[in-house]
Amino acid sequence: MTSHLTQLLNVPGASVEAADDFDAINELVRARGWGDGLPVLPPTAARVEEMLKYCDRPWDEPIALIAPRYGAATPLRLAANAVMAGCRPEYFPVLILAVEAICEEPFNCYGIQATTHQCAVLILVNGPVAKELDINSGHNAFGPGHQANATIGRALRFAQVNVGGAIPGLGDMSTFGSPAKYTYCAAENEAASPWEPLHVERGFPAEASTVTVFAAEAPHNINDHESLTAEGILKTVAGTVAITGANNIWFDGEILVIFGPEHAATVAKEGYSKKDVKQYIFEHARLPLSAFSRENLERRLRQWPVFEGKFAEAGLDARVPMAKHPEEVVIAVIGGSGKHSAFVPTFGASHAVTRALKLRDGQLARSVNDFRRR
Amino acid sequence: MAELRRRGLVTAVVCSGPFMKLGRTQAKVFGVPELPLLEIPHPLGGLKLDEVKGRADVALAQFLKLIKQHSK
């Protein structure tokens, strides 16, 4: 262990002494509420140091403050959480990037952490680093089977809890949470997409590696095995997106529509761009006022500022959009073979944030190895 | 709210029962651990107007007490 790390760990409260025993350390983690109920890898000084080898900034300098505790997210603390989650050291730059992204103002970290809504943080990775780290973008991308998907999302969740204080019933008031809170990380399947990747659409160069974070519900499947046309697929998609119980009705944050590659190909072969798809969903994913309860109609739809008075006097056939603007429909292509897509409702009072992987000097990182300390 | 409290104004936050712990924790986070919390019965959403007024009465009684204490 380097003398620098020894010095940092000797700061009161920076480390705890524990028996060198897997079970004993897991019992300690359970008792302190530091984990997620599954076994963790003991965050020994040696393992934390290996993680920190992929960090090009001071280990004790906060990169962000995570609400609601506004705990200081230092690389040292994040590294301990990444070890516990089972991350390989080379994943660490992506975790740091995700932490920075969730702490940006438009993401509303306090809101997404403390809300009674069930949102989890979805980390969507674009660019060459996704392939370098083998972040699954194909079959079962949101399911088990890939270490990067399983552990980067889990490490972020640990940071939200252990640094940010999102403790169930105390700083995380979610009525029932979500399986997506265990981990929620995937890459876009850029190779199978007929459209420009998400990060390029959002203004980053193709060679950049980015994370985009969403305060998201788990994906809801959209099955369409029969439609042969773009309009057919999009009609099914819009019909699935239009639901009365999603937060997206009430707020102006993005909705995320994930196209499976086969559905995307059917839509794109007729010349639909991403912009066209967004416009279609904006126009068609709507519900008539008659679909809502009387109380929701009177107390919200006729009054809330987000609706700009459009429904104050409107008849019951007036249609309420799920997205308040076409650009609030985010499109990504993920997954393997199959006639499926997915709708990901979001917290609504949160905006997706995309950040590029950069070195301290501001240069785009070409590889996670650019972060490796010599 | 924390800033108003620090300036010495009569300040309080209304919380329903299950959110009292969150409120106390946040008061500590923002450096005003003594920030009064006015507890009302949960829930606050999905209520009829007279029930909302009932919650307001519960909070108001606590708030008036707070003002009296402040002016002593």
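Shown above is the structure to which this text applies.
Description of the structure in this document. The shown structure was predicted, so the numbers you read here are calculated from the model rather than taken from an experiment. (Residues numbered from 1 in each chain as written. Chains lettered and ligands numbered in written order. Predicted model: local features only at pLDDT ≥ 70, side-chain atom pairs only at ≥ 80, totals over all residues.)

On to the overall build of chain A. Along chain A, the regular secondary structure elements total 13 helices and 12 strands. Taken over C-alpha atoms, the radius of gyration comes to 22 Å for chain A, in line with the 21 Å a tight globule of 374 residues would show. In terms of principal-axis extent, the alpha carbons of chain A reach across some 70 × 45 × 35 Å. Evaluated residue by residue, chain A yields a buried proportion of 48% over its 374 residues. (Helix = DSSP H or I, 4+ residues; strand = E, 2+ residues; numbered from the N terminus. Rg over C-alpha atoms; globule rule 2.2 N^0.38 Å. Buried ≥ 20, exposed ≤ 12 C-beta atoms within 10 Å, placed from the backbone.)

Inspection of the secondary structure puts D172 of chain A in the loop between α8 (147-162) and β4 (185-187). Among residues more than four places away in sequence, those in contact with D172 of chain A are Q113, A114, A166 and I167 of chain A. (Contact = placed C-beta atoms within 7 Å.)

Remark on secondary structure: sheet strands pair via backbone hydrogen bonds, oriented parallel or antiparallel. All names here are of chain A. The sheet built from 4 strands is open, its strands ordered β4-β3-β5-β12 with mixed pairing. Two strands in the sheet have a free side with no partner beyond their single neighbour: β4 and β12 (353-356). For this sheet the average axis-to-axis angle between neighbouring strands, irrespective of direction, equals 20 degrees. In the packing of helix α5 (residues 92-102) onto the sheet, contacts are made with β3 (120-126), β5 (210-216) and β12, and the angle to β5 comes to roughly 50 degrees. (Pairing = 2+ DSSP bridges. Axes fitted to C-alpha atoms, helices over the stretch in contact; angles between N-to-C directions.)

Each partner contributes residues to the interface: chain B has 6 residues there, and chain A has 8 residues. Residue composition of the side of chain B that touches chain A, by class: 3 nonpolar, 2 polar and 1 charged. (Nonpolar A, V, L, I, M, F, W, Y, C, P; charged D, E, K, R; others polar.)

In this section: the nonpolar core. In globular proteins that are soluble, nonpolar side chains generally tend to be buried together. Residue and element names in this part refer to chain A. Counting residues in each nonpolar core, the largest one holds 111 residues, and the members touching the most others are L95, I123 and V213. In terms of residue count, the dominant contributor to this core is α5 (9 residues). Beyond its immediate stretch of four places on either side in the chain, L95 contacts L78, A82, C87, I152, A155 and L156. (Core = buried A, V, L, I, M, F, W, Y, C linked by C-beta atoms within 7 Å.)

This next bit is on the sheet that holds strand β10 (residues 329-333) of chain A. All names here are of chain A. The strand order across the open sheet formed by 4 strands is β6-β11-β7-β10, and the pairing between neighbours is mixed. Only two strands of the sheet have a single partner each, and these edge strands are β6 (220-223) and β10. The sheet shows a mean angle of 25 degrees between the axes of neighbouring strands, direction not considered. Pairing geometry for strand β7 (residues 255-259) and β10, over 5 bridges, is parallel. By the bridge assignment, I258 is partnered in β10 with A332. The strands touched by helix α12 (residues 274-284) are β7 and β10; relative to β10, the strand with the most contacts, the crossing angle is about 130 degrees.

Residue and element names in this part refer to chain A. Two elements in contact, helix α4 (residues 75-85) and α5, have axes whose closest approach is 11 Å; the angle formed by their N-to-C orientations is 115 degrees. The handedness of the crossing between α4 and α5 is right-handed. Residues P75, L78, A79 and A82 of α4 form the contact with α5, whose participating residues are F92, L95, I96 and V99. Classifying every residue of the contact of α4 with α5 by side-chain character gives 8 nonpolar, no polar and no charged. (Left-handed = near helix turned anticlockwise from the far one by under 90°.)

Residues and elements named next belong to chain A. Burial of the side chains of β12 is restricted to one face: V353 and R355 are buried, whereas none of T354 and A356 on the reverse face is. In the sheet, β5 pairs with β12 via 4 bridges, with the strands oriented antiparallel. Paired with V213 across the two strands is V353, which belongs to β12.

This part is about α5 of chain A. A large share of α5 of chain A lies buried, amounting to 10 of its 11 residues. Three or more residues of α5 of chain A are buried, namely F92, P93, V94, L95, I96, L97, A98, V99, A101 and I102 of chain A.

By themselves, these are just geometric observations and shouldn't be taken as functional.
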